[in-house]
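# A look at the structure
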Amino acid sequence: MSGPDDVDRLAAILQAAYSGELAAGLAYRGHWRSVRGPDDRERIRQIEREEWHHRELVGGMLARLGKSPSPARERRARVVGHTLGVLCHLAGWLAPMYGAGRLESRNIVEYETAARLAAGAGWPEFVECLLAMAEVEWEHERYFRSCVERHRLGRRLSLWPAPPPKREIRDSFSREMGLPPTAPAVPLPLAGR
Ligand SMILES: [Fe+2]
Ligand SMILES: [Fe+2]
């Protein structure tokens, strides 16, 4: 049985994610503008767009719960996002890539946790969207990790722990909820063909 506490916990993590996406969107706006390589620039710009989209989706969930974003978190996120966006122009190429990768690895877990809380709080209709956002954050983490790893100096740094394979986002959820494993995203070739 779910209770008001479960909904409050879900709302709290969604408020944190909502403001986190604001900080991320602002920071990435500064980040892509500070990067010269056209491929990296475009990828980070796309990541910025995905963060704004996440914010919209999470905002919709909060509204459905009858909750508002936290004004204090919003204020803090605005300051942090703008500051990081400016710092990207001063900090060189590697440091913002490293910082972003580290943050993205936490975002994966945040949406995975939110999906579990949604299931427990009686909002199963949020689960698919939350897991899909965790998967997008997984892609973000992988991109920033690859940036650090292709940098001469970055290769010598010790990196944040690598997240489990992307499939585990859904598989671990299904296991914990007692559901059958999810079908592979790409169909396996049929034997004997
Ligand atoms: Fe995001
Ligand atoms: Fe992200």
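The coordinates are above.
Throughout what follows, the structure given in this document is the object of discussion. (Residues numbered from 1 in each chain as written. Chains lettered and ligands numbered in written order. Predicted model: local features only at pLDDT ≥ 70, side-chain atom pairs only at ≥ 80, totals over all residues.)

## What to know about the overall build of the protein chain
Of regular secondary structure, the protein chain possesses six helices and zero strands. Scanning the protein chain from its N terminus toward the C terminus, one meets helices and strands in the order α-α-α-α-α-α. Taking 193 residues into account, the globule formula puts the C-alpha radius of gyration at 16 Å, and the protein chain, at 18 Å, falls close to it. Along the three orthogonal principal directions, the C-alpha set of the protein chain runs to about 60 × 50 × 25 Å. Looking at the protein chain residue by residue over its 193 residues, the buried ones come to 35%. In the protein chain, once contacts between residues fewer than 6 apart in sequence are set aside, the share between residues at least 24 apart is 76%. (Helix = DSSP H or I, 4+ residues; strand = E, 2+ residues; numbered from the N terminus. Rg over C-alpha atoms; globule rule 2.2 N^0.38 Å. Buried ≥ 20, exposed ≤ 12 C-beta atoms within 10 Å, placed from the backbone. Contact = placed C-beta atoms within 7 Å.)

## Some words on helix α4 (residues 94–120)
Relative to the 39 Å expected for 27 residues at 1.5 Å per residue, α4 spans 40 Å between its end C-alpha atoms, a close match to the ideal helical length. Downstream of α4 by a residue or two, G122 has a phi angle that is positive, lying close to 85 degrees. (Expected span 1.5 Å × (residues − 1).)

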